Amino acid sequence: MRTSHCIIRSFSPKRLILFVVASTLIYVMLLRNSTLNDERRIAATEEQVRSVDVVQQSKNIGVAEREHDIKDPVELEIARQTLTFLNMEDAVTKPKPHVKIAQEDGSCPAVERIPDLQGALPQATLLIQNLQEGEVHAVHPELGPGGSWKPNDCQARDKIAVIIPYRDRQTHLTRLIDFLIPILQRQRLDFRFIVTEQYGNDLFNKGRIMNAAFIFAESLGVDCVVFHDVDMFPQDDRNPYSCPPGPRHLGAFVSNLGYQLWYKEIVGGVLAVSMADYRAVNGYSNQFWAWGGEDDDMGQRILSLNYTIERPNPETGRYSMLKHVKRKRTAPKLIYKLLGNSANRVAYDGLNETDKWTIRKVTTRPLYYHLYVDVGPVPEEWRAKA
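My aim in this report is to walk through the structure given alongside it, one point at a time. Because the structure is a prediction, the values reported are computed rather than measured.

Let us look at empty space enclosed by the protein. By the definition in use, this model includes 2 cavities of 30 Å³ or more. Its volume calculated, the second largest cavity comes out at about 50 Å³. Taken together, the elements giving at least two residues each to the lining of the second largest cavity come down to helix 7 (206-219), strand 5 (224-228) and strand 9 (270-274).

Rendered as structure tokens:
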């Protein structure tokens, strides 16, 4: 037990929170399992004792609220992996030797050649609830306005903007930004975050708020954008968020889809694209309302212009999708009709229709630029199906 106390004292506050969350998750799962054999019952009892001990020592620490309804065995395995990772990282008090990053010309190496990436990432932070923006900023005072950052040990190869379409998921948004910051820092990227939110509560138009955010990103002088759904969390930091030579579908292998690629034009979840390529495909369609269709339409646009959709290594390119109430497609017949002529609409339906949206307000926050976008009136044929 003295060794356990030493390990806990060596934790940073953030890692201690993750340790407690993971330990508590294991504790709850073991309590619910009534079919263990005798040997596993003994192991379960020992794990419960360790979990109770950690929780008791953490009463005076601001531990975030935890989710108690965990039933998925995959989540138990994630927690176990996280505990192993934390023990390996924090039990060792000796600092790591300095690794030279810059190349001879002073530039940062390509992501696949960066020596201090971690590989597989612990996922227990996904279970933390009510993480506040102020808490994240306190941990990362090095960030500039809009959550901007660039490396100081080499010259960044790419200047990127992570664009996050957003509606009513504040807890997901804060966790995502907190999760991505250290990944992008280890990849030595010059980055910032843009959160694009639709003004008002009418039917959602994801394509229009994405196009508006892209126009704003151009004003920041970035080399490429990464469109990133708020519920998508990478499982490995070797999945490159750098600017791709062609459209790169980072979010190809997702937990709730069995890590399978279901069809060739899929580009939803996380998509990296250069500024020139985004303009070439004329951005997202402005014609899809409510939920569904715009990502598949983007995939068809890309393929219709003879681009190849790049995808990551299936082992390092995996994502966890946070659980949430799944929104159904509102007007499937209208969606399928539009998808039937995606290639024909590239020239006139998209980024070049700047009268389809108005950026009402831009707020520069410590973690991101916040855009409020007016997407205009909803067509009656879509409203009738809502």
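Ile 194, Val 225, Tyr 278 and Trp 382 are the most contacted members of the largest nonpolar core, which totals 41 residues. At the level of secondary structure, the elements contributing two or more residues to this core comprise strand 3 (159-166), helix 7, strand 5, strand 9, helix 8 (275-280), helix 9 (294-304), helix 10 (332-339) and strand 12 (369-374). Looking at this core element by element, the count peaks at 7 residues for helix 7. Non-local contacts of Tyr 278, meaning those with residues more than four positions away in its chain, are made with Met 210, Asn 211, Phe 214, Phe 227, Val 273, Gly 283, Tyr 284, Met 298 and Leu 351. Counting 37 residues, the second-largest nonpolar core is a separate cluster that includes Tyr 166, Leu 180, Ala 272 and Leu 367.

In this fold, Ile 128 is placed in strand 2 (residues 128-129). Between the C-alpha atom of Ile 128 and that of Thr 171, which follows or precedes it by 43 residues, the distance is 9.0 Å.

Here we take up the packing of aromatic side chains. Tallying each qualifying case throughout the model produces 9 aromatic pairs. An angle of 85° between the planes, with centres 5.5 Å apart, marks the rings of Phe 227 and Tyr 284 as edge-to-face. One end of the pair, Phe 227, is in strand 5; the other, Tyr 284, is in the loop between helix 8 and helix 9, and 57 residues separate them in sequence. For Phe 227, a relative accessible area of 2% gives the class buried. Within the aromatic cluster, the residues linked to one another by ring pairs are Phe 214, Phe 227, Tyr 278 and Tyr 284. Looking at Arg 318, its charged tip hangs above the ring of Tyr 259, at a distance of 4.0 Å from the centre. Geometry around Tyr 199 places Arg 360 over its ring, the cationic atom sitting 4.2 Å from the centre.

Attention shifts here to the pattern of salt bridges. Enumeration according to the criterion identifies 17 salt bridges in this entry. One salt bridge connects Asp 297 with Arg 345, and the closest N-O pair in it is separated by 2.4 Å. With Asp 297 in helix 9 and Arg 345 in helix 11 (residues 342-345), this residue pair connects regions lying 48 residues apart in the sequence. Each member of the pair, Asp 297 as well as Arg 345, carries the same accessibility label: buried. Connected via shared salt-bridge partners are Asp 297, Arg 301, Arg 345 and Asp 349.

A few words on the state of the cysteines. Summed over the entire model, instances satisfying the criterion amount to 2 disulfides. Between Cys 108 and Cys 154 runs a disulfide, and the two sulfur atoms are separated by 1.9 Å. Between Cys 108 and Cys 154, the S-S torsion sits near 90°, and that sign places the bridge as right-handed. Of this pair, Cys 108 sits in the loop between helix 4 (73-90) and strand 2 while Cys 154 sits in the loop between helix 5 (133-139) and strand 3, and the two are 46 residues apart along the sequence. For Cys 154, a relative accessible area of 9% puts it in the buried group.

Here we take up a nonpolar patch on the surface. A surface patch of nonpolar side chains, amounting to about 310 Å² of accessible area, comprises Leu 257, Trp 262 and Tyr 263. Among the secondary structure elements, Trp 262 is positioned in the loop between strand 8 (253-254) and strand 9. Note on Trp 262: relative accessible area 57%, which makes it exposed.

Let us look at the sheet that holds strand 5. An order of 7-9-5-3-4-12-11 is seen for the 7 strands of this open sheet, with the pairing classed as mixed. At either end of the open sheet lies a strand with only one pairing partner, and these are strand 7 (248-249) and strand 11 (358-364). Two strands pair when backbone bridges link them, and strand 7 and strand 9 are joined in this way by 2 bridges, in the antiparallel orientation. By the bridge assignment for strand 9, His 249 is matched with Leu 271.

Taken in spatial order, the 3 strands of this open sheet run 6-10-8, and their pairing is mixed. Each edge of the open sheet is held by one strand with a lone partner, namely strand 6 (232-234) and strand 8. Pairing analysis gives 3 bridges linking strand 6 to strand 10 (residues 318-321), with the strands arranged antiparallel. Paired with Met 232 across the bridge in strand 10 is Met 321.

Right, let's get into the environment of Arg 301. With respect to the helices and strands, Arg 301 occurs in helix 9. For Arg 301, a relative accessible area of 0% translates into the label buried. In sequence terms Arg 301 and Ala 343 are 42 residues apart; their C-alpha atoms lie 5.6 Å from each other. Here Arg 301 is in contact with Val 281, Asn 282, Gly 283, Tyr 284, Ser 285, Arg 345, Val 346, Asp 349 and Gly 350, once residues within four sequence places are set aside. A polar contact of 2.4 Å, which involves the side chain of Arg 301, links it to the backbone oxygen of Asp 349.

On to the pairing of strand 11. With 6 bridges connecting them, strand 11 and strand 12 associate as antiparallel partners. Counterpart to Thr 363 in the pairing with strand 12 is His 370. In this antiparallel pair of consecutive strands, strand 11 and strand 12, the connection spans 4 residues.

Calculation rules
- Residues numbered from 1 in each chain as written.
- Predicted model: local features only at pLDDT ≥ 70, side-chain atom pairs only at ≥ 80, totals over all residues.
- Heavy atoms only, no water.
- 1 Å grid on protein atoms, 1.4 Å probe; cavity = no way out; pocket = protein on both sides within 12 Å on 5 of 7 lines; lining within 4 Å.
- Points joined across faces, edges and corners; volume = space filled by probe spheres on them.
- Helix = DSSP H or I, 4+ residues; strand = E, 2+ residues; numbered from the N terminus.
- Core = buried A, V, L, I, M, F, W, Y, C linked by side-chain atoms within 4.5 Å.
- Buried < 20%, exposed > 50% of the residue type's maximum accessible area, 1.4 Å probe, protein only.
- Contact = heavy atoms within 4.5 Å.
- Phe/Tyr/Trp six-rings, centres within 6.5 Å; stacked < 30°, edge-to-face > 60°.
- Lys NZ or Arg CZ within 6 Å of the ring centre and 35° of its normal.
- Salt bridge = Lys/Arg side-chain N within 4 Å of Asp/Glu carboxyl O.
- Disulfide = S-S within 2.5 Å.
- Patch = residues over 30% accessible without salt bridge, like charges linked within 9 Å, V, L, I, M, F, W, Y side chains within 5 Å.
- Areas by Shrake-Rupley, 256 points an atom, 1.4 Å probe, with all protein chains shown as cover.
- Pairing = 2+ DSSP bridges.
- Polar contact = N/O pair within 3.5 Å; in protein donor to acceptor, adjacent residues only side chain to side chain.

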